[in-house]
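Below, each chain spelled out in residue letters.
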Amino acid sequence: MKKIGILFITMIAFISCDSSDDSSDNGNQNNFDRSGMMTNIADNLIIPAFTDLNNDLATLENEIASFSTSPDIAGLNATRTAWLNAYTTWQYVEMYNIGKAEEVQLAFKMNVYPTNVTDIQNNILDGNADLNAVNNNDAVGFPAVEYMIYGTGNDDQEIIDFYTTDSNASLNKQYLIDLSAAMKSLTQEVLDDWNNGFRDSFVNSTENTATSALNRLVNDFIFYYEKGLRANKIGIPAGIFSSSSLPDRVEGLYSEVYSKQLATTALNAVRQFFIGQHYNSSTTGLSLSDYVTASETDANNSLSTEISNQFETAQNQLSTLDANLSSQVNTNNTAMLQTYDELQRAVVLLKVDMLQLLNINVDYVDADGD
């Protein structure tokens, strides 16, 4: 089931025409080049980002292999750098839960946080755990690697000892190796799918139906923004959905200083997707923003500008937070709540105003009161 395992479920209803009737949707009325938009997104945003992630994970895999052969501080630092580089790139692809990524549940196998330390320890002792099993989603991926290179000791020397003098040192090293191998394998599978047929079907699936790639992409984008970014990175730690704040629920918990950086990168990735900005480039192409503009009938209104401006406002508020969002929750959670509020304002613009304008039905449900 799509978007399985997400918390807080309810529904916003939208009134629209029969989704199978493509003849009356706004995209056809204004003759917007939706295939051109999808081509730009596939060729200049999605595939380059997945290619970069695949390369970054190959580097991480190599650094882990080298570190495991001879664990020392230099190797640990090199592994940490490779982990952060790959984790940063991940922020640009997590929203694309479509095609093979959805089939293999890539997001759940790469970025469920906080990681489950008990499961990790049990897996290590098992020595042969199935890292693709659903019940191990919270013991794999970037958060699990982070724990293994930041959280297994009180200082760097204790972490080195975890891989050298600990009674399970060989098993500890093997689990770290297995984690990186699983991440690389999954990413390679998704990238291969894009490069071997899925890209062509994706760019040509532009009809206004519940199953078209265009409508699913738009929904995945909004879903990621609302849940993966707004809720997971800010709202849940700030206590929006609970009786108290949860400072241990931040991304980058064990490294301590990267949670804000990762959230900032994720919001930048969202903004670049919306305006069609090419990955690792300032060049832009046909975009969702252009589609929104082409669909507006009142020249005095500009929903696309309003959305872009709100992204910028949210980014400015996010920039005021501490580098360690866990520390921010503990010392001044009001600033976290203010950041959530700015992110939330864009949810309404995207999920209500934009979807109604484009005549696209929301394909998921939630319960956090948009």
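Look up a bit, the structure's there.
The structure presented is a predicted model; accordingly, all values stated were derived computationally and were not measured.

Check the secondary structure of the protein and you find 14 helices and 0 strands. Relative to a compact globule of 370 residues, whose C-alpha radius of gyration would be 21 Å, the protein shows 21 Å and is just as compact. Considered along the principal axes of its C-alpha atoms, the protein spans approximately 70 × 50 × 35 Å. Taking all 370 residues of the protein together, 52% fall into the buried category.

Let us look at the environment of Thr209. Mapping Thr209 onto the fold places it in the loop between helix H9 (169–204) and helix H10 (213–238). The class for Thr209 is buried, based on a relative accessible area of 15%. C-alpha of Thr209 to C-alpha of Thr118: the two residues are 91 residues apart in sequence and 44 Å apart in space.

If you walk through the whole model with that rule in mind, you get 19 aromatic pairs. Taken together, a centroid distance of 5.3 Å and an interplanar angle of 75° make the contact between Tyr92 and Tyr279 edge-to-face. Taken together, the positions of Tyr92 in the loop between helix H3 (73–90) and helix H4 (100–103) and Tyr279 in the loop between helix H11 (259–275) and helix H12 (288–295) put the pair 187 residues apart, joining distant regions of the chain. A relative accessible area of 13% means that Tyr279 is categorised as buried. Aromatic ring contacts, followed pair by pair, group Trp83, Tyr87, Trp90, Phe142, Tyr150 and Tyr258 into a single cluster. The ring of Tyr150 carries the charged tip of Arg80 above its face, separated from the ring centre by 4.2 Å.

Another point: the packing of H3 against H11. Running from N to C, H3 and H11 cross one another at 35°; their axes reach a closest spacing of 9 Å. Across the interface between the two elements, Leu84, Tyr87 and Thr88 from H3 touch Gln261, Leu262 and Thr265 from H11. Residues of the contact of H3 with H11, tallied by class, amount to 3 nonpolar, 3 polar and no charged.

Moving on to helix H7 (residues 141–150). A large share of H7 lies buried, amounting to 10 of its 10 residues. Restricting attention to buried positions, one finds in H7 the residues Gly141, Phe142, Pro143, Ala144, Val145, Glu146, Tyr147, Met148, Ile149 and Tyr150. The inward-facing, buried residues of H7 contact helix H2 (34–69), H3, helix H5 (106–110), helix H6 (117–126), helix H8 (156–162) and H9.

Let's shift gears to the packing of H11 against helix H13 (residues 303–318). The contact between H11 and H13 brings their axes to 10 Å, and the two run at 170°. In this view, H11 runs roughly antiparallel relative to H13, as classed from their interaxial angle. Within the contact between the two elements, H11 uses Lys260, Ala263, Thr264, Leu267, Asn268, Val270, Arg271, Phe274 and Ile275 and H13 uses Ser304, Ile307, Ser308, Phe311, Ala314, Gln315 and Leu318. Along the lines of polarity and charge, the residues of the contact of H11 with H13 split into 9 nonpolar, 5 polar and 2 charged.

The subject of this paragraph is the pattern of salt bridges. This model, assessed by the stated rule, comprises 11 salt bridges. When the shortest N-O distance is used, the salt bridge between Asp200 and Arg199 registers 3.0 Å. Residue classification places Arg199 among the partly exposed positions, given a relative accessible area of 21%. Among the salt bridges present, the one from Glu226 reaches Lys227, with a minimum N-O distance of 3.8 Å. Take Glu226: its relative accessible area is 0%, and that puts it in the buried class. Members of the salt-bridge network, linked through shared partners, are Glu226, Lys227, Arg230 and Lys351.

Okay, the environment of Gly75 next. Inspection of the secondary structure assignment puts Gly75 in helix H3. Among the residues examined, Gly75 registers a relative accessible area of 15% and is labelled buried. For the pair Gly75 and Ile64, spaced 11 residues apart in the sequence, the C-alpha separation amounts to 8.0 Å.

Looking along the chain, the bond that leaves Tyr113 and enters Pro114 is cis, with omega of 0°. The topology assignment puts Pro114 in the loop between H5 and H6. Phi angles above zero are rare outside glycine, and Gln105 is one such case at about 55°.

What counts, and at which threshold
Residues numbered from 1 in each chain as written. Predicted model: local features only at pLDDT ≥ 70, side-chain atom pairs only at ≥ 80, totals over all residues. Heavy atoms only, no water. Helix = DSSP H or I, 4+ residues; strand = E, 2+ residues; numbered from the N terminus. Rg over C-alpha atoms; globule rule 2.2 N^0.38 Å. Buried < 20%, exposed > 50% of the residue type's maximum accessible area, 1.4 Å probe, protein only. Phe/Tyr/Trp six-rings, centres within 6.5 Å; stacked < 30°, edge-to-face > 60°. Lys NZ or Arg CZ within 6 Å of the ring centre and 35° of its normal. Axes fitted to C-alpha atoms, helices over the stretch in contact; angles between N-to-C directions. Contact = heavy atoms within 4.5 Å. Nonpolar A, V, L, I, M, F, W, Y, C, P; charged D, E, K, R; others polar. Parallel < 35°, antiparallel > 145°, perpendicular 65-115°, else oblique. Salt bridge = Lys/Arg side-chain N within 4 Å of Asp/Glu carboxyl O.

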